[in-house]
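Single-letter residue listing:
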Amino acid sequence: MGEHEFLAETWSKIDPSVEKPKLKYSLAVCIVAAIGGLCFGYDLGVLGSILAMPRFTESLTLSTLDKTNIVGLFLIGCTIGSALQSFFADKFGRKWTIIGGSVIAAFGGFLQAFAQNVPMLFAGRGIAGLAIGAFSALVPVYMSECIVHSIRGAMVTGQQFMIVSGIALAYWVDYTTYKAFTQNDWQWRGPLIVQGALGVIIFFAVMPLPRSPRWLLSKGNKEQALINLARLRMLPSDNEYVKTEFEEMEWSLQREREIGSTTYTEIFTSPTLRKRLIVICGINAYQQLSGNNGVNYYAPQFYKQLQVGGTDSVLLLQGFYGLLKLVMTIPTVFGIEKLGRRRILMIGASIMTVAMLSLGTLFGVTTGGDNNNIAILAANRSLGILGVFFIWLFVVGYNASWGPIVWVVSSEVFPLRVRSKAIAVSSMVQWLCNTIAVYAIPLAMAANTYAIFVALGLVAFSSIPFVYFFLPETSGATLEEMDLIWAGEKITKVETADVETSKLKP
């Protein structure tokens, strides 16, 4: 029997009256695991406002290059961490690798908080980056392997909600300490202490969670895998739904074993895997090169160039910017399975294109291409407010689409036997592109600000045909059906035991 017929028959034999899975425990697992996303977001957001704090630059005497390196070394650490997590996740499991990452995150955070010089701060940023890079690749995988596939997209999107929650939290902690500690170093050390504390919270929060059933099964621990799956579904191990899902997992794993173990070389040489890898690396690159993290890190500088106020106003705007990011993630959590991955990405890219090109045009017209020519902006505050609107419009488009969707698609399209390795590669691409953006944007800002936004708008625009022609729709499919989708098969949704699943078209 082929995989097409097997998967269709497997689900069709379930009695419609069978007890359905309960989602409460899966939801709880996702919420706790996504604290890794909160730590990830906090680390991304915390330095943007600290770089604008007077006490920070006075304490450590930072050059412009030092400020760029503080961000860049963190991203280099993230790149390395995203690559190394594959080895540890396959050998020790997703759960224990996340726990190990939490120890590294805490150490890196506290090292930054109590830094006495610039090299100590650099070391803390790089060490923290190792953990955050691992979290970025591993947490979505762990979540996708543990939850019911009918809500997988919404729950992994919840990871992005936690990331932007962390960013928003960082902005407001920064603003609070900026206002509260005007005369001492707690102005910038306080937010970094919170960063270290989040690593401690992850350690204790993840400890009680179950290990991934799919990973346990891949290691031959069939009994524990079934127990964990039943625990996640809040059903007895002999429940028909649990047995059917477990049977599907076993069949898929057996098929992968027949093919053989996978090396990094095979990911690049196998036509099927290479196609997926190229597309996933492509959308990860677009996610970073469209400008999101450049805006995250350097928005305070953009606000200052728009002449909308001093440091107090700039940090307050950054706080509301973080809240907007948080709010705009919510619609996607509820709409991802209904609207589909592809449609949301293309709509979001369209909004991002309009926002960036409009912002570039505003800077070009008002400054004439000369960053020092700010007379028009200084004399017309309404133009600065319009520029802030375009930055926030970009956030609306990005955080409702590319922010969450890329994590979902990346975590679900690869077979179990290659999932950690493939996601390690795509995560490395993501972090490398992020690093390029972080180093390139300050250099471009020094030369010509408006050109940055025009370039970012063109990048966002080019992502639309890329998604349309190369990314298949995966909404509603199980992880075991991804091979068929990428081979061009179509699936239709059916109702099984009152839980939406999918069935392959003949």
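Every value quoted in this text rests on a predicted model; they were computed, and no experiment measured them.

**A word on the overall build of the chain**
Of the regular secondary structure elements, the chain holds 23 helices and 2 strands. In the chain, which comprises 506 residues, the proportion classed as buried is 60%. Sequence-distant contacts in the chain: of pairs separated by 6 or more residues, those separated by 24 or more amount to 81%. Total accessible area on the chain stands at roughly 18,500 Å², and carbon and sulfur atoms take up 67% of it.

**A look at unusual backbone geometry**
Of note in this structure, M234 is not a glycine but carries a positive phi near 55 degrees. For M234, the position within the fold is in the loop between α11 (222-233) and α12 (240-259).

**A few points about the pattern of salt bridges**
Under the defined criterion, the tally for this structure stands at 8 salt bridges. The salt bridge involving R94 is made with D90; its shortest N-O contact spans 3.4 Å. Judged by relative accessible area, R94 falls into the buried class, the value being 2%. Each of R55, E58, D185 and R189 takes part in salt bridges that share partners, so that together they form one network.

**A look at the side chain of R125**
In this fold, R125 is placed in helix α7 (residues 118-146). Despite its burial, R125 pairs with no opposite charge, the nearest such side chain being D43 at 5.3 Å.

**Details of the nonpolar core**
Ranked by internal contacts, the top residues of the largest apolar core, which has 125 residues, are F56, F135, Y303 and W402. Counting residues per element, this core draws most heavily on α7, which supplies 13 residues. Setting aside residues up to four positions removed in sequence, F135 forms contacts with G36, C39, I98, G101, S102, A105, P140, Q159 and I202. Within the second largest apolar cluster, 12 residues are counted, among which are L217, A225, A230 and L253.

**Description of helix α2 (residues 24-33)**
Since one α-helical turn is 3.6 residues long, residues separated by three or four positions face the same way. Residues of α2 that are buried: S26, V29, C30 and A33. The arc that holds every buried residue of α2, seen down its axis, measures 95 degrees, which confines them to one face. Structural note: α2 exposes K24 and I31 on the side pointing more than 90 degrees away from its buried face.

Thresholds, definitions, all that
Residues numbered from 1 in each chain as written. Predicted model: local features only at pLDDT ≥ 70, side-chain atom pairs only at ≥ 80, totals over all residues. Heavy atoms only, no water. Helix = DSSP H or I, 4+ residues; strand = E, 2+ residues; numbered from the N terminus. Buried < 20%, exposed > 50% of the residue type's maximum accessible area, 1.4 Å probe, protein only. Contact = heavy atoms within 4.5 Å. Areas by Shrake-Rupley, 256 points an atom, 1.4 Å probe, with all protein chains shown as cover. Salt bridge = Lys/Arg side-chain N within 4 Å of Asp/Glu carboxyl O. Lys, Arg positive; Asp, Glu negative; His and termini not counted. Core = buried A, V, L, I, M, F, W, Y, C linked by side-chain atoms within 4.5 Å. Arc of directions from axis to C-beta.

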